[in-house]
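Structure at a glance
Take a look at the letters that make up each chain.
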Protein chains: 2
Amino acid sequence: MLNRVRSAVAHLVSSGGTPSQRPKSPDLPNATSTPPAASETPKSPPARPGSVVGLPQKTTETRASFSRPTFLQLSPGGLRRADDHAGRAVQSPPDTGRRLPWSTGYAEVINAGKSRHNEDQACCEVVYVESRRSGTGTSREPTQKQGLCFYYWGLFDGHAGGGAAEMASRLLHRHIREQLKDLVEILQDPLPPPLCLPSTPGTPGFSDPSHLVSPQSCWSPQKEVTHESLVVGAIENAFQLMDEQMARERRGHQVEGGCCALVVVYLLGKMYVANAGDSRAIIIRNGEIIPMSREFTPETERQRLQLLGFLKPELLGSEFTHLEFPRRVQPKELGQRMLYRDQNMTGWAYKKIELEDLRFPLVCGEGKKARVMATIGVTRGLGDHNLKVCSSTLPIKPFLSCFPEVRVYDLTQYEHCPDDVLVLGTDGLWDVTSDCEVAATVDKVLSAHEPNDPSRYTALAQALVLGARGIPRDRGWRLPNNKLGSGDDISVFVIPLGGPGSYS
Amino acid sequence: MLNRVRSAVAHLVSSGGTPSQRPKSPDLPNATSTPPAASETPKSPPARPGSVVGLPQKTTETRASFSRPTFLQLSPGGLRRADDHAGRAVQSPPDTGRRLPWSTGYAEVINAGKSRHNEDQACCEVVYVESRRSGTGTSREPTQKQGLCFYYWGLFDGHAGGGAAEMASRLLHRHIREQLKDLVEILQDPLPPPLCLPSTPGTPGFSDPSHLVSPQSCWSPQKEVTHESLVVGAIENAFQLMDEQMARERRGHQVEGGCCALVVVYLLGKMYVANAGDSRAIIIRNGEIIPMSREFTPETERQRLQLLGFLKPELLGSEFTHLEFPRRVQPKELGQRMLYRDQNMTGWAYKKIELEDLRFPLVCGEGKKARVMATIGVTRGLGDHNLKVCSSTLPIKPFLSCFPEVRVYDLTQYEHCPDDVLVLGTDGLWDVTSDCEVAATVDKVLSAHEPNDPSRYTALAQALVLGARGIPRDRGWRLPNNKLGSGDDISVFVIPLGGPGSYS
């Protein structure tokens, strides 16, 4: 993420360590996990917002400061090449190794020097979810449907250090798994979800399935809750619990900075695309572009930020004003009338400048230069618990939200062809590439490969990364039109929509 | 507005007076206003949010409790017929009198008995805006462009009494006019709006036009503000100032209850559609439906309401919880796990029921039965300053917003034919009529009239109201499909998009 956090906060970033491969941790599953043995299932109380359950309360090893996704299978030499800002070699999983699930394509490239290491991280997993109830034999249909699998892709774009992105890439899908454990039977039952469950699993009473309260047994009118909205809720809570874990562990384990998170969960026929930050997901289907996310920036979230500053002025100290002005107000302009807008307005009006309007605006700047509290350019993501306004003790985190927006795409509603793909990219891609240009590259690259060639999605991911990076010329990385390419870290997943097994 | 405020708050509604026509007030302009004499222009400081300017600080007469729009030109006998719940005669301006601007069509009908009088109100005006600067000869082009005209249509759907709707129908366009007075020269100048104005009009310094700060003279980077966004800001602030005036005058002048407000301002080639409440505006253009508003209800604004309750728990007392549950939690369910969602979630998850979850949910119910604090079914509008939770001192107003969403439609971007219309309706129309059904009626009625027949839009408005009301049959008002028609007040404007003068 290029310049997302101003250099003003550089003192918050711990110095990078020597490049070294991330130690293989016992809690890091292989790219394709098999159902874990029962003993691996954490014995824990059920999920409640505000607490982490079923996950280690502390990670047990100190993280190295530089790592790349394990599915890249980089040798020490390959890791050095991936870390070379001068060459900026595009990295993909080796053609000879095990393919990613669904023959997913992946490519990445390091930035042009804006940070010591590539602060993007990526994860691609098949995750098995064992029912929390299966240990007690209390499922609604106790003899079958003991577990669920979901496919998972995640891009994490770090800022002010790589720790948060690295931690999220390693653990967020495990939080999602924990949240889904309570839902294994419910999601496989065609009946609507029960309104309430009799008590917590593992406690007396839970073993009696007759206590399950079905919607029909409730006397009062009630809302219908879909299976889909339970998965959405599980992902939302998993983001929150991941963020809380980062807050707890930030000191001891180098959870530096924060990260945007864009993840995809494929479960029971549906793709859940969850985005917190300024990465982007689009589907290209039969040449048509279907947006699957929106970006969360100081501009797109201006009114939410201003409302929070208005309702909780103590968060602004005496340094910031929640009002927005087209530029910084000058002391000599006191008494004049300047354009402004507040948290309730989308339009602009004039107001007489008063003393407190001279404070720095909570939201300022435009486009990639927009900032919250003059510091950070994204408004959703994980981490950033240490982030403070420069030369101040004001924390920025209260304005940042860890909650994603989740969009759902039902794969069963459409017959997909091999050229239909979901493209995920960090802002390094989208800063210099439009949705239409991505669609054109999809068409160009995939039509040059046989439909059953499993390497075509990797070739596409590479083409997208190369197209955004450009080539070195005239003292910079330049695109064919001679404009500057992206100097940011760039990471891209290309997920074919044929579904599990169709093309792999 | 049918049953929008539960009978629980009936004690807040003052008893209705004897039906009588609204006294013609000196501050009520004729349907088509001419530019006022200079002496009518209030001498006042410029607009600032938080204060009313250029408007009488108090209305000077006591309002009668029942009135209909003056443009209906109702005789005392006609007024009695309009107030008859049994007959429910459809009312329109007389065919023989002066037509509404643009040959606008209008029709209304009273409710089937849910309130003593029709609580909808309507307004249609041509409003002349004189520059606040013109009195001092300080416009940027002082010899010309002294004033602006805007066309104005407003529907106000009252609840818990007709006072707020009546007051808004009489004064909201005047607040808009006041807000626009500062912008008369700016909106007519092709240059971008000046970032700041040197001081307040009427004070020393303002008479020197060289003090006008143009965007080019500012050294720091700044946002570009469009003319359009200034009009949007003027309308937004006018809504707020109207609401503040209601708060001030609520005691002395029978400003009972509150109202939804849907207004259209046509100014310099653009339609500004501002909606606060659950009325709706759609454009039918060449048979295509273009939504021009969205409804604000406890369901559509759930997350805003919950966030406010979460950040300001004192607003909930000890009676409400900001969490949402699919139905009211029962004491016997303590310790069980129930579906819930909080202000950050769009999905649902299970949580263990604790003592404070037994409180009444801030947002409950579905569809037309959704309520904030078990009381009110709309979340934006004007008034409601007296509204309290039943048997409680908790005010509801902090959760209601007076700010509209403003959508802009550029009339110059499309060649409109006589069958292209903007339809405004209170929820009495939309509760039983879909957008597509309205489009079908538009097609049917307009094709049965000559394109140059100025009565065709009134005929269309009448057809829409009749189609929503139905006919008396089987102990109720019934539609042709035998479903119940709307028992609510129903009011409809049909505005042809040909622009001023095209068809009038």
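The structure under discussion appears in the preceding block.
Heads up: these notes are all about the structure in this document. (Residues numbered from 1 in each chain as written. Chains lettered and ligands numbered in written order. Predicted model: local features only at pLDDT ≥ 70, side-chain atom pairs only at ≥ 80, totals over all residues. Heavy atoms only, no water.)

Some points on the overall build of chain A
Across its full length, chain A carries 8 helices and 20 strands. The buried share among the 504 residues of chain A stands at 60%. Element-wise, carbon and sulfur atoms account for 52% of the exposed surface of chain A, whose accessible area totals about 19,500 Å². (Helix = DSSP H or I, 4+ residues; strand = E, 2+ residues; numbered from the N terminus. Buried < 20%, exposed > 50% of the residue type's maximum accessible area, 1.4 Å probe, protein only. Areas by Shrake-Rupley, 256 points an atom, 1.4 Å probe, with all protein chains shown as cover.)

Observations concerning the relation of the copies chain A and chain B
The two copies are related by a screw motion: chain A maps onto chain B through a turn of 180 degrees and a shift of 0.0 Å along the axis, at an RMSD of 0.0 Å. Here the transformation between the copies is reduced to the relation of a two-fold axis. The position closest to the rotation axis in chain A is occupied by the C-alpha of Leu311(A), lying 3.8 Å away. Take the interface residues of chain A: 100% of them recur as interface residues in chain B, which is what a same-surface contact looks like. (Least-squares fit on C-alpha atoms with pLDDT ≥ 70 in both. Contact = heavy atoms within 4.5 Å.)

A short note on the interface of chain A and chain B
If you look at the interface, chain A gives 61 residues, while chain B gives 61 residues. Both faces considered, chain A and chain B share a buried interface measuring about 5,200 Å² in area, 57% of it formed by carbon and sulfur atoms. For the chain A face of the interface with chain B, the top three residues by lost area are Lys223(A), Arg337(A) and Tyr350(A), together amounting to 17%. The interface formed by chain A and chain B holds 4 salt bridges in total. Measuring nitrogen to oxygen at the nearest pair gives 2.5 Å for the salt bridge that ties Glu324(A) to Lys223(B). At the surface where chain A touches chain B, the tally comes to 22 residue pairs in polar contact (both at pLDDT 80 or more). Those elements that provide at least two residues to the side of chain A that touches chain B are β4 (196-197), α4 (227-249), α5 (302-311), β10 (337-340) and β11 (349-352) of chain A. Counting residues per element, the side of chain A that touches chain B draws most heavily on α4(A), at 7 residues. Residues belonging to the side of chain A that touches chain B are distributed by class as follows: 33 nonpolar, 14 polar and 14 charged. (Buried area = accessible area lost by both parts, 1.4 Å probe. Salt bridge = Lys/Arg side-chain N within 4 Å of Asp/Glu carboxyl O. Polar contact = N/O pair within 3.5 Å; in protein donor to acceptor, adjacent residues only side chain to side chain. Nonpolar A, V, L, I, M, F, W, Y, C, P; charged D, E, K, R; others polar.)

Remarks on the sheet that holds strand β11 (residues 349-352) of chain B
On the basis of which strands lie adjacent, the open sheet formed by 3 strands has the order β4(A)-β10(B)-β11(B) and antiparallel pairing. In the strand order of this sheet, the two ends are held by β4 of chain A together with β11 of chain B, each with one partner. (Pairing = 2+ DSSP bridges.)

Side note on the pattern of salt bridges
All names here are of chain B. Tallied over the full model, the rule gives 56 salt bridges over all chains. Between glutamate 324 and arginine 341 there is a salt bridge, and its shortest N-O distance comes to 2.6 Å. A residue pair is termed long-range when its members are at least 10 positions apart, and glutamate 324 in the loop between β9 (320-321) and β10 (337-340) and arginine 341 in the loop between β10 and β11 qualify at 17 residues. Neither glutamate 324 nor arginine 341 differs from the other in exposure class; each is buried.

Regarding the environment of Leu100(A)
Residue and element names in this part refer to chain A. Relative to the helices and strands, leucine 100 is located in the loop between α1 (76-82) and β1 (105-109). The sequence separation of leucine 100 and phenylalanine 71 amounts to 29 residues, and the corresponding C-alpha distance is 7.7 Å. The residues contacting leucine 100, other than those within four sequence positions of it, are Phe71, Pro93, Tyr106, Cys124 and Phe493.

Some details on the packing of helix α2 (residues 163-181) of chain B against helix α4 (residues 227-249) of chain B
Residue and element names in this part refer to chain B. In contact at an axis separation of 8 Å, α2 and α4 are set at 135 degrees when each is read in the N-to-C sense. With respect to each other, α2 and α4 are oriented oblique. Considering how the two elements wind past one another, α2 and α4 form a crossing that is right-handed. On α4, the residues touching Ala164, Met167, Ala168, Leu171, Leu172, His175, Ile176, Gln179 and Leu180 of α2 are Ala234, Ile235, Asn237, Ala238, Phe239, Leu241, Met242, Gln245, Met246 and Glu249. In terms of residue class, the contact of α2 with α4 is made up of 14 nonpolar, 4 polar and 1 charged. (Axes fitted to C-alpha atoms, helices over the stretch in contact; angles between N-to-C directions. Parallel < 35°, antiparallel > 145°, perpendicular 65-115°, else oblique. Left-handed = near helix turned anticlockwise from the far one by under 90°.)

Focus on the packing of aromatic side chains
Residue and element names in this part refer to chain A. Scanning the model with the defined rule gives 20 aromatic pairs over all chains in all. Look at phenylalanine 150 and tyrosine 152: their rings are 6.4 Å apart centre to centre, the planes differ by 75 degrees, and that puts the pair in the edge-to-face class. The burial state of phenylalanine 150 is the same as that of tyrosine 152; both residues are buried. Aromatic pair tyrosine 151 and tryptophan 153: ring centres 6.4 Å apart, planes at 25 degrees, arrangement stacked. (Phe/Tyr/Trp six-rings, centres within 6.5 Å; stacked < 30°, edge-to-face > 60°.)

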